[in-house]
Amino acid sequence: MSTTLQTDYRSENIGRSIDAPALFASFPEVLREELRSKATRRTFESGQFLHHRGDTAGGFWIIDKGQVKLGHQDKQGVMHVLFILGSGDSFGELACLGQFSRVLDAEALGKVEMLWISEKILSDIITSSTEISREMLKILAKQLQEALDNLLVFRNMPAPKRLAQRLLAFVADREPPVTLGIKQQELAELIGVSRMTIASALSELENLGFVSRHYGRLVIENPVALRQWMKS
């Protein structure tokens, strides 16, 4: 059975994971609008999978409402979360453009409304304009460079700051305090450390007054101070 990041407190993890794909947002506005106008709307219930690892990428998704978690589901059915995406985010564009198989499982986190863009729709629009084609090449090159730069910076950060960066991504523009229904093990998987390391990092942030831990939830008490500390 897969894990869930939502709680009875109805606290939602608004915001995207810091390394989540953002290719659609970089498309020229005219391309984004045309793709949205031709999209197929679909609704998924909590725990329902949008696709599985290894599936053929026949298109990509845009989240209109709700959240989706991306990760690996193991043989016991446990979802190991890598990214959490929210409204306005997209995923699957690279697999669609490259005609690759899916590399991650995608599961609805609560009820979600999605927009589906087929590979044919995307391909037809791109090939219809040399200007859009050139712009797409620039976007892909920039995305690759930024991904490599971010990976190097993130890997060299100490665990508390890596955790802080993830937490701030979930805060988005919400008013503090911000409550997240997320487990320590899931946080550990998000930043690629052990549960012991994440417990130590949480303890440090709590001692600094940035967060407080409660049963089944984590409260970010002072995002502004946490962001300033991140920059120090």
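Conventions and cut-offs
Residues numbered from 1 in each chain as written. Predicted model: local features only at pLDDT ≥ 70, side-chain atom pairs only at ≥ 80, totals over all residues. Heavy atoms only, no water. Helix = DSSP H or I, 4+ residues; strand = E, 2+ residues; numbered from the N terminus. Buried < 20%, exposed > 50% of the residue type's maximum accessible area, 1.4 Å probe, protein only. Contact = heavy atoms within 4.5 Å. Polar contact = N/O pair within 3.5 Å; in protein donor to acceptor, adjacent residues only side chain to side chain. Arc of directions from axis to C-beta. Salt bridge = Lys/Arg side-chain N within 4 Å of Asp/Glu carboxyl O.

## Notes on the overall build of the protein chain
Here comes step 1: Regarding its fold elements, the protein chain presents 9 helices and 9 strands.
Here comes step 2: Buried residues in the protein chain amount to 43% of all 232 residues.
Here comes step 3: Taking all contacts inside the protein chain whose residues are at least 6 apart in sequence as the whole, residues at least 24 apart take part in 73%.

## Things to note about the side chain of His-51
Here comes step 1: Looking at the secondary structure, you find His-51 in strand S2 (residues 49-51).
Here comes step 2: One polar contact links the side chain of His-51 to the main-chain carbonyl oxygen of Leu-104, over a distance of 3.4 Å.
Here comes step 3: Each residue touching His-51, except ones within four places of it in the same chain, is listed here: Trp-61, Phe-91, Arg-102, Leu-104, Asp-105 and Ala-106.

## Re helix H9 (residues 223-231)
Since the α-helix advances by 3.6 residues per turn, residues separated by three or four positions end up pointing in the same direction.
Here comes step 1: For H9, every residue scored as buried is listed here: Pro-223, Ala-225, Leu-226, Trp-229 and Met-230. Relative to the axis of H9, the buried residues are bounded by an arc of 160° and lie together on one face. H9 presents Val-224, Gln-228 and Lys-231 as exposed residues on the side facing more than 90 degrees away from its buried surface.
Here comes step 2: For H9, the elements touching its buried residues are helix H6 (159-171), helix H8 (195-207) and strand S9 (217-220).

## Considerations on the pattern of salt bridges
Here comes step 1: As enumerated under the stated definition, the model contains 5 salt bridges in all.
Here comes step 2: When the shortest N-O distance is used, the salt bridge between Lys-38 and Glu-34 registers 3.3 Å. Placement of the pair is Lys-38 and Glu-34 together in helix H2 (residues 29-38), with a separation of 4 residues, close to one helical turn.
Here comes step 3: Look at Lys-38 and you get partly exposed, because its relative accessible area is 41%.
Here comes step 4: Between Arg-41 and Glu-113 there is a salt bridge, with its nearest N and O atoms 3.3 Å apart. Of the two residues, Arg-41 sits in strand S1 (residues 40-44) while Glu-113 sits in strand S6 (residues 105-118), which places them 72 residues apart along the sequence.
Here comes step 5: Through salt bridges with shared partners, a single network forms among Arg-41, Asp-64 and Glu-113.

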